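What the coordinates show
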Amino acid sequence: MSIMGLGFIQFEFHLIEDYMNHMETHFERELKSIESEYEKFHKSKEDKSEYSEEYLNHVQDSFIDDIFMFNDVYIKNYRNAQIIQLYSFLEDVLKRGCDRFAHYKKTDYKVDDLKGNNDIDKIKKFLKQSAKVDFSLLNPEWKFMDDFRQVRNLIVHHKGLIKNNDTVNNSDKKFNSIKNFSKGRFMLKNYASSDYKFEIVFDNPSFFKEVIRNIESLLEKIGKTAIS
């Protein structure tokens, strides 16, 4: 018995990736269209002397506002939502797999019967105790998803903001953990010109594909290491 039921899950992965590719392509095309229109207006040989300076400034500001809305509102909100969705997807798949295992093996308890700080803690406890999963065999994927969980929590609970509470000695463990995980994946941007407050900005679409690959690989490993 496959504890994770990977066949259907791979189909779900395919749907998620298709949706993300579609949305990223849409945003890219819209941004290029706005930039192209602005370039045409800016380079137009049409005599602009008939327009007032106020009107020309208004047109330029409109283009700038449109680009800002796409970059700092639409794309930002979409990618933040994807972070939340992907983590929820992982939790849901793991929970379903554990419940399926509990049903077939008639275990003494289910995930919901266990105590923990969150669902992942309960799931981990169930996998260790009932499915005999050796978590030392689940790295680097489990470590990746644990770091990803911290990022997701910052998005959900702190609007993607994080403080470096020790700017002098640079010994803030939580901040340094996020900073190390961010390399090549997303940006930590100074927030409101602050030297100690940063905003997580998902400027690299390939990070989302990396998340999916790690979820997929993690589930495969759990399926192989769980007792049959």
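Scope of this entry: the structure provided in the associated data block. (Residues numbered from 1 in each chain as written. Predicted model: local features only at pLDDT ≥ 70, side-chain atom pairs only at ≥ 80, totals over all residues. Heavy atoms only, no water.)

1. Notes on the packing of helix α2 (residues 53-105) against helix α6 (residues 206-225)
Relative orientation of the contacting elements α2 and α6 amounts to 5°, with a least axis distance of 11 Å. Between α2 and α6, the angle falls in the class roughly parallel. The segment α2 lies against α6, with Arg79, Gln82, Ile83, Leu86, Leu90, Val93 and Leu94 engaging Phe207, Phe208, Val211, Ile212, Ile215, Leu218, Leu219 and Ile222. Broken down by class, the residue content of the contact of α2 with α6 amounts to 13 nonpolar, 1 polar and 1 charged. (Axes fitted to C-alpha atoms, helices over the stretch in contact; angles between N-to-C directions. Helix = DSSP H or I, 4+ residues; strand = E, 2+ residues; numbered from the N terminus. Parallel < 35°, antiparallel > 145°, perpendicular 65-115°, else oblique. Contact = heavy atoms within 4.5 Å. Nonpolar A, V, L, I, M, F, W, Y, C, P; charged D, E, K, R; others polar.)

2. Details of the environment of Asn190
With respect to the helices and strands, the residue Asn190 is situated in strand β2 (residues 187-190). As for Asn190 and Ile162, which are separated by 28 residues in sequence, their C-alpha atoms are 9.9 Å apart. Contacts of Asn190, omitting those with residues within four sequence positions, involve Asp195, Lys197 and Phe198.

3. A closer look at the pattern of salt bridges
Enumeration over the complete set of coordinates arrives at 13 salt bridges. Residue Arg213 is joined to Glu17 by a salt bridge in which the shortest nitrogen-to-oxygen separation is 3.2 Å. Here Glu17 lies in helix α1 (residues 6-43) and Arg213 lies in helix α6, a separation of 196 residues in the sequence. A relative accessible area of 37% means that Arg213 is categorised as partly exposed. Between Arg79 and Glu24 there is a salt bridge; the shortest N-O distance is 2.8 Å. Placement of the pair is Arg79 in helix α2 and Glu24 in helix α1, with a sequence separation of 55 residues. Accessibility classification places Arg79 together with Glu24 in one group, the buried group. Several salt bridges share partner residues, and in doing so they unite Glu12, Asp92 and Arg96 into one network. (Salt bridge = Lys/Arg side-chain N within 4 Å of Asp/Glu carboxyl O. Buried < 20%, exposed > 50% of the residue type's maximum accessible area, 1.4 Å probe, protein only.)

4. A word on the packing of aromatic side chains
If you walk through the whole model with that rule in mind, you get 20 aromatic pairs. Ring geometry for Phe70 and Tyr74: centres 5.1 Å apart, planes at 85°, overall edge-to-face. Taken together, the residues Phe70 and Tyr74, both in helix α2 and 4 residues apart, mark about one turn of the helix. The class of Phe70 is buried, set by a relative accessible area of 12%. Here Phe181 and Phe207 contribute two aromatic rings whose centre-to-centre distance is 6.1 Å and whose plane-to-plane angle is 75°, an arrangement assigned as edge-to-face. (Phe/Tyr/Trp six-rings, centres within 6.5 Å; stacked < 30°, edge-to-face > 60°.)

5. Things to note about the sheet that holds β2
Hydrogen bonds along the backbone pair up the strands of a sheet, which may run parallel or antiparallel. Here 3 strands make up an open sheet; going across it, the order is β1-β3-β2 and the pairing antiparallel. Sheet topology places β1 (161-163) and β2 at the edges, where each strand pairs with a single neighbour. Within this sheet the neighbouring strands show an average axis-to-axis angle of 40°, counted without direction. Bridge count between β2 and strand β3 (residues 197-201): 4 bridges; the pairing is antiparallel. From the neighbouring strand, Asn190 faces β3, where its bridge partner is Phe198. (Pairing = 2+ DSSP bridges.)

6. Quick notes on unusual backbone geometry
The residue after Asn139, namely Pro140, is reached through a cis peptide bond having omega 15°. Tracing the chain through its elements places Pro140 in the loop between α3 (119-129) and α4 (141-158). Unusually for a residue other than glycine, Lys159 sits at a positive phi of about 55°. Tracing the sequence through the fold places Lys159 in the loop between α4 and β1. You can call Lys159 exposed: its relative accessible area is 72%.

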